[in-house]
Amino acid sequence: MPTKITFITQDGSKVVVEDAIGTLMEVATEHDVEGIDGDCGGVCSCSTCHVKVKREWLDKVGVADEIEQDMLDLEDETDERSRLCCQIEVVEEFDGLIVEVAPLS
Ligand code: FES
């Protein structure tokens, strides 16, 4: 089943991907989502894939593990919705997911 993911960039524009596969970072970079660079290639060591998960999706997407949280702790603009999206593998249950690209810190 295709999985639809919506990214909202800092300027408020939306990038909608109808058939997302891979990690959210891979999906974002493949579709040129502004503000998601994925500089480290997805090994959780750069924070250039910082997103904020829409509140209603937090339970489904889950929280950061310890390594990811350590990276997030180095960022200024984090809150409880913050995730590094290279650590989020798209699954069917995420169909309709909306994430906001976090401000650069
Ligand atoms: S791509 Fe580097 S931490 Fe996610």
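The structure this text deals with has already been given above.
Residues numbered from 1 in each chain as written. Predicted model: local features only at pLDDT ≥ 70, side-chain atom pairs only at ≥ 80, totals over all residues. Heavy atoms only, no water.

Peer 1: Now, about the nonpolar core: what can you tell me, with residues and values included?
Peer 2: Counting residues in each nonpolar core, the largest one holds 28 residues, and the members touching the most others are Ile5, Phe7, Leu24, Ile36, Cys85 and Leu97. Put simply, the parts of the chain that give this core at least two residues each are β1 (5-8), α1 (24-30), β3 (50-53), α3 (66-72) and β5 (97-101). If you tally residues by element for this core, the top one is α1, at four residues. Not counting chain neighbours up to four residues away, the residues in contact with Leu24 comprise Ile5, Phe7, Cys85, Ile88, Val90, Leu97 and Val99. (Core = buried A, V, L, I, M, F, W, Y, C linked by side-chain atoms within 4.5 Å. Buried < 20%, exposed > 50% of the residue type's maximum accessible area, 1.4 Å probe, protein only. Helix = DSSP H or I, 4+ residues; strand = E, 2+ residues; numbered from the N terminus. Contact = heavy atoms within 4.5 Å.)

Peer 1: An account of the state of the cysteines is needed here, citing residue identities and associated values.
Peer 2: Taken as a whole and assessed by the stated rule, the structure comprises zero disulfides. Here Cys85 stays free of any disulfide, with the sulfur of Cys49 as its closest cysteine sulfur at 4.6 Å. (Disulfide = S-S within 2.5 Å.)

Peer 1: Tell me about a negative patch on the surface, residues and numbers included.
Peer 2: Judged by side-chain charge, Glu18, Asp19, Glu92, Glu93 and Asp95 come together as a negatively charged surface patch. Looking at the secondary structure, you find Asp19 in the loop between β2 (14-17) and α1. Residue classification places Asp19 among the exposed positions, given a relative accessible area of 52%. (Patch = residues over 30% accessible without salt bridge, like charges linked within 9 Å, V, L, I, M, F, W, Y side chains within 5 Å. Areas by Shrake-Rupley, 256 points an atom, 1.4 Å probe, with all protein chains shown as cover. Salt bridge = Lys/Arg side-chain N within 4 Å of Asp/Glu carboxyl O. Lys, Arg positive; Asp, Glu negative; His and termini not counted. Charge placed at Lys NZ, Arg CZ, Asp CG, Glu CD.)

Peer 1: So what's going on with the sheet that holds strand β4 (residues 82-84)? Which residues, and what values?
Peer 2: Taken together, the five strands give an open sheet; going across it, the order is β2-β1-β5-β3-β4, and neighbouring strands pair in mixed fashion. A single partner strand is all that each edge strand has here, and the edge strands are β2 and β4. With strand direction ignored, the average angle separating the axes of adjacent strands in the sheet is 30 degrees. Relative to β2, β1 is paired through four bridges, and the arrangement is antiparallel. Of the residues in β2, the one forming a bridge with Phe7 is Val15. (Pairing = 2+ DSSP bridges. Axes fitted to C-alpha atoms, helices over the stretch in contact; angles between N-to-C directions.)

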